[in-house]
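Residue strings, one per chain:
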Amino acid sequence: MAQLFPKSANVLAPASIVALLLAGGGVVGGLLAVDYAGFNQRRGETIEQPVPFSHEHHVSGLGIDCRYCHTAVEKSATAGIPPTATCYNCHKLIWNEAPMLEPVRSSFRTGQPLRWTKVHDLPDFVYFNHSIHVAKGVGCATCHGAVQKMRLMRSAQPLQMRWCLDCHRNPEKYLRPKEEVFNMDWQPPSNQEELGRELVAKYKVRPRKFLESCGTCHR
Amino acid sequence: MSSLSRAPRGAAAAVAVALLAIGAASGCRQGMYNQPKKKPLSESHFFHDGLSARVPPADTVARGWLRADAAYARGIGPDGKFVSTLPQEVVFSRELLLRGRQRFDVFCSPCHGREGNGLGMIVQRGFKQPPSYHIERLQHQPIGYFFDVMTNGFGQMSSYASQVPVEDRWAIAAYIRALQLSQHAVVADLPQRDRDALAAATAATVASPAAAAQTEPSR
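Counting of residues starts from 1 at the beginning of each chain's written sequence and follows it residue by residue. Starting at A for chains and at 1 for ligands, labels are handed out in the order in which the entities are written. Side-chain atom pairs in this predicted model are given and counted only at pLDDT of 80 or more, local residue features only at pLDDT of at least 70, and totals for whole chains, interfaces and linings cover all residues. Only hydrogens and water are removed before side-chain values are computed, so all heavy atoms of the structure are retained for them.

Enquirer: Before we go on, may I ask you to explain the overall build of chain A in this structure?
Expert: The numbering of helices and of strands both runs from the N terminus, where a helix is a DSSP run of H or I of at least 4 residues and a strand a run of E of at least 2. Helix and strand counts for chain A come out as 11 helices and zero strands. Put simply, chain A runs from its N terminus to its C terminus through helices and strands in the order α-α-α-α-α-α-α-α-α-α-α. Relative to the globule expectation of 17 Å for 219 residues, the C-alpha radius of gyration of chain A, 25 Å, shows a markedly less compact shape. Each principal axis of the C-alpha atoms in chain A carries an extent, and together these give about 100 × 45 × 35 Å. Considering only contacts in chain A between residues 6 or more positions apart, those separated by 24 or more positions represent 67%. Here the Shrake-Rupley method, with its probe set to 1.4 Å, supplies the accessible areas, and only the displayed protein chains count as covering residues. On chain A, roughly 13,600 Å² of surface is accessible, and the fraction owed to carbon and sulfur atoms is 62%. Here the positive residues are Lys and Arg and the negative ones are Asp and Glu; neither His nor the chain ends is included. Note that the charge is assigned to NZ on lysines, CZ on arginines, CG on aspartates and CD on glutamates. Each charge sign in chain A was given a centre, from 26 positive and 19 negative side chains, and these centres are 5 Å apart. Atoms counted for the radius of gyration: C-alpha only. Globule rule: 2.2 Å times the number of residues to the power 0.38. Two residues form a contact once any of their heavy atoms are found within 4.5 Å.

Enquirer: What is the right way to look at the domain arrangement of chain A in this model?
Expert: Interface size is commonly expressed as the accessible surface area that is lost when the partners come together. Residues and elements named next belong to chain A. Split into domains, chain A comes out as domain 1 (11-40), domain 2 (45-81 + 117-217) and domain 3 (82-115). Tallying the contact residues gives 10 residues for domain 2 and 11 residues for domain 3. Buried area: the sum, over both parts, of the accessible surface (1.4 Å probe) that disappears when the two are put together. In this assembly, domain 2 packs against domain 3 so that about 770 Å² is buried in total across both faces, 67% of it on carbon and sulfur atoms. Ranking the residues of domain 2 by area buried against domain 3 places Pro50, Val51 and Tyr68 at the top, with a combined share of 53%. Domain start and stop positions are those given by an automatic or database domain assignment.

Enquirer: Sorry if this is basic, but what is going on with unusual backbone geometry here?
Expert: Glycine aside, the phi torsion of most residues is negative, and most peptide linkages are trans. Of note in this structure, A:Leu159 is not a glycine but carries a positive phi near 55°. Mapping A:Leu159 onto the fold places it in the loop between helix H7 (140-144) and helix H8 (161-169).

Enquirer: Sorry if this is basic, but what is going on with the packing of helix H3 (residues 94-112) of chain B against helix H7 (residues 166-184) of chain B here?
Expert: For any two helices packed against each other, the geometry comes down to the angle between their axes and how far apart the axes lie. All names here are of chain B. H7 packs onto H3 with a crossing angle of 95° between their chain directions and a minimal axis gap of 7 Å. Taken as axis vectors, H3 and H7 run roughly perpendicular relative to one another. Judged by residue contacts, Leu96, Leu97, Arg99, Gly100, Arg101, Arg103, Phe104 and Cys108 of H3 engage Asp168, Ala171, Ile172, Ala174, Tyr175, Ile176, Ala178 and Leu179 from H7. For the contact of H3 with H7, the class distribution of residues is 11 nonpolar, one polar and four charged. The angle between two axes is taken between their N-to-C directions and runs from 0 to 180 degrees, where each axis is a line fitted to C-alpha atoms and a helix contributes only its stretch in contact. Comment on the angle field: the value is read as roughly parallel under 35 degrees, roughly antiparallel over 145, roughly perpendicular from 65 to 115, and oblique elsewhere. Residues are sorted three ways: Asp, Glu, Lys and Arg are charged, Ala, Val, Leu, Ile, Met, Phe, Trp, Tyr, Cys and Pro are nonpolar, and all the rest, Gly among them, are polar.

Enquirer: I'm lost on the interface of chain B and chain A in this one. Help?
Expert: Each partner contributes to the interface: chain B provides 33 residues, whereas chain A provides 34 residues. Between chain B and chain A, a total of about 3,000 Å² is buried, with carbon and sulfur atoms accounting for 56% of that surface. The residue B:Glu43 makes a salt bridge to A:Arg115 at a minimum N-O spacing of 2.6 Å. Pairs of N or O atoms are called polar contacts if they sit within 3.5 Å, as long as, within protein, a hydrogen donor faces a hydrogen acceptor (for residues adjacent in sequence, only side-chain-to-side-chain pairs). Linking chain B to chain A there are 14 residue pairs in polar contact (both at pLDDT 80 or more). At the level of elements, helix H1 (2-27), H3 and helix H4 (121-124) of chain B are the ones that each hand at least two residues to the side of chain B that touches chain A. The dominant element in the side of chain B that touches chain A, judged by the number of residues it contributes, is H1(B), at five residues. Only one rule defines a salt bridge in this text: a Lys or Arg side-chain nitrogen within 4 Å of an Asp or Glu carboxyl oxygen.

Enquirer: Quick question: what am I supposed to make of the packing of aromatic side chains here?
Expert: In this description, an aromatic ring pair is defined by two values, namely the gap between the centres and the angle between the planes. Residue and element names in this part refer to chain B. Stacked, edge-to-face and tilted labels apply to pairs of Phe, Tyr and Trp rings (six-membered ring for Trp) whose centres lie within 6.5 Å, assigned for plane angles under 30 degrees, over 60, and everything in between, in that order. Scanning the entire structure with this criterion turns up 12 aromatic pairs over all chains. Geometrically, the ring pair formed by Phe82 and Tyr145 is edge-to-face, given 6.0 Å between the ring centres and 75° between the ring planes. Remark: Tyr145 occurs in helix H6 (residues 143-152) and Phe82 occurs in the loop between helix H2 (70-74) and H3; sequence separation between them is 63 residues. Only protein chains enter the area calculation, which uses a 1.4 Å probe; residues under 20% of their type maximum are buried, those over 50% are exposed, and those in between are partly exposed. Using a relative accessible area of 11% as the deciding quantity, one classes Tyr145 as buried. Taken together, a centroid distance of 5.6 Å and an interplanar angle of 80° make the contact between Tyr145 and Phe146 edge-to-face. Across this residue pair, the class does not change: Tyr145 and Phe146 are buried. Put simply, the rings of Phe82, Phe104, Tyr133, Tyr145, Phe146, Phe154 and Tyr175 pair up and form one aromatic cluster.

Enquirer: Could you clarify how one ought to interpret the side chain of B:Arg169 in this entry?
Expert: All names here are of chain B. Position of Arg169 relative to the elements: it lies in helix H7. Buried Arg169, no salt bridge; nearest opposite-charge side chain is Glu167, N-O distance 7.3 Å. Of note is the side chain of Arg169, whose polar atom sits 2.9 Å from the side chain of Thr151. When neighbours within four sequence positions are excluded, Arg169 is seen to be in contact with Phe147, Met150, Thr151, Ala161 and Val164.

Enquirer: Is there a simple way to think about the pattern of salt bridges in this case?
Expert: Two side chains bearing opposite charge may form a pair once their charged atoms approach each other closely. Inspection of every chain in the model, using the stated rule, returns 15 salt bridges over all chains. Measuring nitrogen to oxygen at the nearest pair gives 3.7 Å for the salt bridge that ties B:Lys39 to A:Asp124. You can see B:Lys39 sitting in the loop between H1 and H2 and its partner A:Asp124 sitting in the loop between helix H5 (102-110) and helix H6 (130-135), one on each of two chains. Under the relative-accessibility criterion, B:Lys39 is labelled partly exposed at 31%. In this structure, a network of salt bridges that share partners links the residues A:Asp65, A:Arg67, A:Glu74 and B:Arg103.

Enquirer: Explanation requested: the nonpolar core in the structure shown.
Expert: In globular proteins that are soluble, nonpolar side chains generally tend to be buried together. With 37 residues, the main nonpolar core has B:Phe104, B:Ile122, B:Phe146 and B:Trp170 as its most contacted residues. Counting residues per element, this core draws most heavily on H7(B), which supplies nine residues. Contacts of B:Phe104, omitting those with residues within four sequence positions, involve B:Ser109, B:His112, B:Gly113, B:Arg114, B:Gly116, B:Tyr133, B:Ile172, B:Tyr175, B:Ile176 and B:Leu179. In these notes, a set of buried Ala, Val, Leu, Ile, Met, Phe, Trp, Tyr and Cys residues joined through side-chain atoms within 4.5 Å is what counts as a nonpolar core. In terms of nonpolar packing, the next biggest core, distinct from the first, is built from 15 residues, A:Ile47, A:Ala141, A:Val147 and A:Met184 among them.

Given below as structure tokens:
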């Protein structure tokens, strides 16, 4: 009976197994790399909104505090999008004929809210709460980036679970004094980790075991 | 023999399906990301006005929010006039003034300026200039008057009742009193420590105006 396989099959057979594993790993790795790079989260992408609202102008230019509009951020899960009445506190007199602001005026006249598109849209199975983060010294800029320099809003961070966990596992790397939470120009000091450890103790941040438990964010 | 050759083909198909599934999972959002539930401010296609949150019937009072006490809720005393002292629910303390300053800087300073002179940034950009708190008419207004203006608005100023809760409005009113005092205080009113600092600063100015300019505290 003739040989069914040539002699080279002795090498090719195990080599093909290795090659298949490598190729599979490469595909999975590639997909993970795409995911990590943040193309899925529309990171850095500006999203069309009914009014081209500029945080740069209102925050850097005019010095308006985040809480003037996002009034709920210290008390509730959501920071709150201001009602049109808040825009009208100033825009009843300022730029009150600008065509750009017509959607604001029409919303004020009719009582129909402006339909903003959420930029930081977490999956519905994540129970994020702004108030606790603000109360423990997580600055607005830590998650939202340099909003005071954004003409149009975009998300600055990947908002992925591993990104959340990076801070939940090592909060001392990111915490700042509570009075600096809304200071958009705050820069971490050179001894951030040391300061962070003090703040973790001072603000009674829960231990890692709790912060990285599933039920903290998924319930 | 035939069963042997089918097994690898089945395995290859399973691997291909798994890879496709990974690709699909990373490329698009699944149902769990956007669940059929409503979060604050989200849109609804069920109600005709497009809002997921319902407006409560007129005159609804949430539990614990009945403001039957006119002095606390409206700044009006039993005689029908504005109260001239803080209502009994508000405890006067250093913390109250600090809270008042912080809330004043967030909500009032854009127009009234941090010193309360009515020259805030929004006024510089064209909003109607409010009167300075330091004019005689406002100096003699009872504290309930300031609470009332914050609650109901005045002239071009909108009501801030929805942005600033009652207790914070009292803190701000108390801080406005402190601001008024600050602009009309005499040196003898200062505590000894501040008087010493002032004397040192004055001496430095006389000795070297340039050095004094450098040590002048920045706001």
